[in-house]
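Here are the chains, one letter per residue:
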Amino acid sequence: MTVPPPIVAPSILAADFARLAEEVRAVEDAADWLHVDVMDNHFVPNLTIGLPVVQSLRAATAMPFDVHLMITDPRRWAPGYADAGAYNVTFHAEAADDPVALAKDLRSAGAKAGLAIDRDTPIEPYLELLPSFDTLLIMTIKAGFGGQRFIPQMLDKVRAARRNVDAGHLELRIEVDGGIAADTIEQAAAAGADAFVAGTAVYGAADPAEAVRRLRALAERAAPGA
Ligand code: DX5
Ligand code: ZN
């Protein structure tokens, strides 16, 4: 296995929405990407933030945005996030009728393209699509809410993806999202994940930047071949 240095992406879902710019600045120097969870109250029951907030945040920080769209009809909305300056735009496999076409649209709009796989979705049908993507987000909870408990069984999907990425020499980040914290990140890293979303574990900590550094150190140490 050849796993690149880990990416740590704090999720602002666990931040104080009344002080978003400040909360972003708290992790700016320590983290790699800022994970932005967009939920539409249709694809998932929860409702969070959308394009106007991403546009405002874009002006407030230089951090790369890792936008996670938990919405129906991503074909209609996803390219707007690329236009707003998102670094990576991830949409759900369950919501897309033509994932490869949408990945192409995102790349031509200047963003990386990400495919997300929810808890109850098997990964096998999507493995052959991975060459069209830059990131694969494997949910380690059921998408919709922060603060849920990590589901270790989801790591079978991470292992399958890692095998596929290595065998095909793909340049694809394998990202895990949900319940990632000091007591779960090592197993995810050992399974072959190389990008780690953490909401509660970062913004629930007294020192969010320190929490990010600690998570990164744990992931580095547990990475295959480390
Ligand atoms: C949930 C979101 C996650 C969420 C993770 O559907 O996709 O990004 O913020 O939160 P924690 O890290 O608290 O599980
Ligand atoms: Zn997310």
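In the block above lies the structure referred to throughout.
The paragraphs below set out a description of the structure included in this document.

What counts and what doesn't
Residues numbered from 1 in each chain as written. Chains lettered and ligands numbered in written order. Predicted model: local features only at pLDDT ≥ 70, side-chain atom pairs only at ≥ 80, totals over all residues. Heavy atoms only, no water. Helix = DSSP H or I, 4+ residues; strand = E, 2+ residues; numbered from the N terminus. Rg over C-alpha atoms; globule rule 2.2 N^0.38 Å. Buried < 20%, exposed > 50% of the residue type's maximum accessible area, 1.4 Å probe, protein only. Contact = heavy atoms within 4.5 Å. Areas by Shrake-Rupley, 256 points an atom, 1.4 Å probe, with all protein chains shown as cover. Lys, Arg positive; Asp, Glu negative; His and termini not counted. Charge placed at Lys NZ, Arg CZ, Asp CG, Glu CD. Donors = N, O, S within 2.8 Å, 3.2 Å for Na, K, Ca; no water. Tetrahedral: all angles 85-135°; square planar, octahedral: opposite > 155°, others 65-115°. Pairing = 2+ DSSP bridges. Axes fitted to C-alpha atoms, helices over the stretch in contact; angles between N-to-C directions. Salt bridge = Lys/Arg side-chain N within 4 Å of Asp/Glu carboxyl O. Polar contact = N/O pair within 3.5 Å; in protein donor to acceptor, adjacent residues only side chain to side chain. Parallel < 35°, antiparallel > 145°, perpendicular 65-115°, else oblique. Left-handed = near helix turned anticlockwise from the far one by under 90°. Nonpolar A, V, L, I, M, F, W, Y, C, P; charged D, E, K, R; others polar.

1. Points about the overall build of the protein chain
On a plain count of helices and strands, the protein chain comes out with nine helices and eight strands. Over its C-alpha trace the protein chain gives a radius of gyration of 16 Å, about what one expects of a compact globule, namely 17 Å for 226 residues. When the backbone C-alpha atoms are referred to their principal axes, the protein chain occupies close to 45 × 40 × 30 Å. Counting all 226 residues of the protein chain, 54% fall into the buried class. Taking the contacts inside the protein chain whose residues are at least 6 apart along the sequence as the reference set, 65% of them involve residues at least 24 apart. Accessible area for the protein chain stands at about 9600 Å²; split by element, carbon and sulfur atoms hold 50% of it. Charged side chains of the protein chain number 20 positive and 31 negative; the gap between the two group centres comes to 2 Å.

2. Observations regarding the coordination of the zinc ion (ligand 2)
In an ideal tetrahedron of four donors about a metal, each angle is 109.5 degrees. In an ideal octahedron of six donors, the angles are 90 or 180 degrees. Protein coordination of the zinc ion (ligand 2) is provided by H35 (NE2), D37 (OD), H68 (ND1) and D177 (OD), with donor distances spanning 2.1 to 2.3 Å. Because the angles between the six donor atoms bound to the zinc ion (ligand 2) fall within 72 to 171 degrees, the donor set is best described as octahedral. Residue classification places H68 among the buried residues on the basis of a relative accessible area of 0%. Residue D177 is classed as buried on the basis of its relative accessible area, which comes to 8%.

3. Focus: the sheet that holds strand β2 (residues 34–39)
Where strands meet in a sheet, backbone hydrogen bonds hold them as pairs that are either parallel or antiparallel. Strand order in the open sheet formed by eight strands is β1-β8-β7-β6-β5-β4-β3-β2, and the pairing between neighbours is parallel. Each edge of the sheet is formed by a strand with only one pairing partner; in this case those strands are β1 (7–10) and β2. Taken over all neighbouring pairs, the strand axes of this sheet differ in orientation by 20 degrees on average, direction set aside. Note: strand β7 (residues 173–177) against strand β8 (residues 195–198), three bridges, orientation parallel. Residue pairing across strands places D177 opposite V197, the latter belonging to β8. The strands that helix α6 (residues 155–167) touches are β5 (112–117), β6 (135–139) and β7; relative to β7, the one it contacts most, it runs at about 170 degrees.

4. Quick notes on the side chain of D177
Tracing the chain through its elements places D177 in strand β7. The side chain of D177 is buried and forms no salt bridge, while K157, the nearest opposite charge, is found at 12 Å. Among the polar contacts listed, one links the side chain of D177 to the side chain of H68, at a separation of 3.1 Å. When near neighbours in sequence (up to four residues on either side) are disregarded, D177 contacts H35, D37, H68, L137, I138, M139, T140, I141 and V197.

5. Re the environment of R25
Inspection of the secondary structure assignment puts R25 in helix α1 (residues 20–25). When the C-alpha atoms of R25 and Y126 are compared, they prove to be 36 Å apart, with 101 residues separating the residues in sequence.

6. Observations regarding the packing of helix α3 (residues 74–83) against helix α4 (residues 99–108)
Relative to each other, α3 and α4 sit at 20 degrees, their axes nearing to 9 Å. Accordingly, the angle class assigned to the pair α3 and α4 is roughly parallel. Helix-helix and strand crossings are classified by hand; for α3 and α4 the assignment is right-handed. From α3, P74, R75, A78, P79 and A82 reach across to α4, where they touch A101, L102, D105 and L106. Of the residues assigned to the contact of α3 with α4, the class counts are seven nonpolar, no polar and two charged.

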